[in-house]
Amino acid sequence: MAHLMKNLKVPPNSTSREEARKRTFDFFRLACRSIPNIMEIYNLDDVVTPSQLRSTVASEIRKNAHVTNPKVIDMLLFKGMEELKNFVDHAKQRHHVIGQYVVGRKGLVQDLGPKDEGISNFLKNFYSSNYS
């Protein structure tokens, strides 16, 4: 898969919105095809499934669905290609991938277990007032 990324060039500019849309779909296909390779490189099998990563890529693309200017779409595709190339070339570390694309921008998932057993009322009030 790395040999595909080395020969890939970003075309100068899309001439229309339809051409930019086609390039977006091509980028999505390329990203989905590289997911198994990325999972192998970063050893993500124990953390996430390929379908979850695929849906994360799709949601990142959908996040910019409101953009209609072809030049802006090309710029976003260029940034996406650069990010994908960094993944395939192993330019990021595992915790970067997990933090950005597995856990996501919402932050860490909180444990629902009873961890505050044995904590004084003062600390419970302190945590609830300062961290909620």
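Conventions we followed
Residues numbered from 1 in each chain as written. Predicted model: local features only at pLDDT ≥ 70, side-chain atom pairs only at ≥ 80, totals over all residues. Heavy atoms only, no water. UniProt positions renumbered as here; feature names shortened; annotations may be inferred. Helix = DSSP H or I, 4+ residues; strand = E, 2+ residues; numbered from the N terminus. Buried < 20%, exposed > 50% of the residue type's maximum accessible area, 1.4 Å probe, protein only. Contact = heavy atoms within 4.5 Å. Areas by Shrake-Rupley, 256 points an atom, 1.4 Å probe, with all protein chains shown as cover. Axes fitted to C-alpha atoms, helices over the stretch in contact; angles between N-to-C directions. Parallel < 35°, antiparallel > 145°, perpendicular 65-115°, else oblique. Left-handed = near helix turned anticlockwise from the far one by under 90°. Patch = residues over 30% accessible without salt bridge, like charges linked within 9 Å, V, L, I, M, F, W, Y side chains within 5 Å. Salt bridge = Lys/Arg side-chain N within 4 Å of Asp/Glu carboxyl O. Core = buried A, V, L, I, M, F, W, Y, C linked by side-chain atoms within 4.5 Å.

- In the nomenclature of an unreviewed UniProt entry, the protein corresponds to NADH dehydrogenase [ubiquinone] 1 alpha subcomplex subunit 6 from the organism Coffea arabica.
- Recorded under Sequence similarities (unreviewed entry), the UniProt text for the protein is reproduced unchanged: "Belongs to the complex I LYR family."

### Re the overall build of the protein
Okay, so step 1: Secondary structure assignment for the protein yields six helices and zero strands.
Okay, so step 2: Taken from the N to the C terminus, the helices and strands of the protein come in the order α-α-α-α-α-α.
Okay, so step 3: Within the span of the protein, comprising 132 residues, buried residues form 25% of the whole.
Okay, so step 4: Put simply, 70% of the contacts in the protein that link residues at least 6 apart link residues at least 24 apart.
Okay, so step 5: For the protein, the accessible area works out to roughly 9,700 Å², and carbon and sulfur atoms hold 55% of it.

### Some points on the environment of proline 50
Okay, so step 1: Mapped onto the elements, proline 50 comes out in helix 3 (residues 50-62).
Okay, so step 2: Residues proline 50 and isoleucine 38, twelve residues apart in the sequence, show an inter-C-alpha distance of 9.6 Å.
Okay, so step 3: Sequence-distant contacts of proline 50, that is, excluding residues within four places in its chain, are made with Ile35 and Met39.

### Regarding the packing of helix 2 (residues 17-42) against helix 3
Okay, so step 1: At a minimum axis separation of 10 Å, helix 2 and helix 3 run at an interaxial angle of 150°. The angle between helix 2 and helix 3 places the two elements in the roughly antiparallel class. The two elements helix 2 and helix 3 meet at a crossing, and its hand is right-handed. Facing Thr24, Phe27, Phe28, Ala31, Cys32, Ile35 and Met39 of helix 2, the residues of helix 3 in contact are Pro50, Leu53, Arg54, Val57, Ala58 and Ile61.

### Details of a nonpolar patch on the surface
Okay, so step 1: A grouping of Phe122, Leu123, Phe126 and Tyr127 is seen on the molecular surface, where their side chains present a nonpolar patch of about 400 Å² in accessible area.
Okay, so step 2: Relative to the helices and strands, phenylalanine 126 is located in helix 6 (residues 121-130).

### Brief notes about the nonpolar core
Okay, so step 1: If you look at the biggest cluster of nonpolar residues, it comprises 20 residues, and the most contacted ones within it are Met39, Tyr42, Leu44, Leu53, Leu84 and Phe87.
Okay, so step 2: The set of elements that each furnish at least two residues to this core consists of helix 2, helix 4 (70-88) and helix 5 (94-102).
Okay, so step 3: If you tally residues by element for this core, the top one is helix 2, at eight residues.
Okay, so step 4: Once residues lying within four places of it in the same chain are set aside, the contact partners of methionine 39 are Leu44, Asp45, Val48, Thr49, Pro50 and Leu53.

### Some thoughts on the pattern of salt bridges
Okay, so step 1: The full count for this structure, using the stated rule, is eight salt bridges.
Okay, so step 2: As a salt-bridge pair, lysine 22 and aspartate 26 come within 3.1 Å of each other at their nearest N and O atoms. In this pair, lysine 22 and aspartate 26 both sit in helix 2, four residues apart, roughly one turn of the helix.
Okay, so step 3: The class for aspartate 26 is partly exposed, based on a relative accessible area of 32%.
Okay, so step 4: Here lysine 85 and aspartate 89 are joined by a salt bridge, their closest N and O atoms 2.6 Å apart.
Okay, so step 5: According to the relative accessible area criterion, lysine 85 is partly exposed, its value standing at 33%.
Okay, so step 6: Judged by relative accessible area, aspartate 89 falls into the partly exposed class, the value being 36%.

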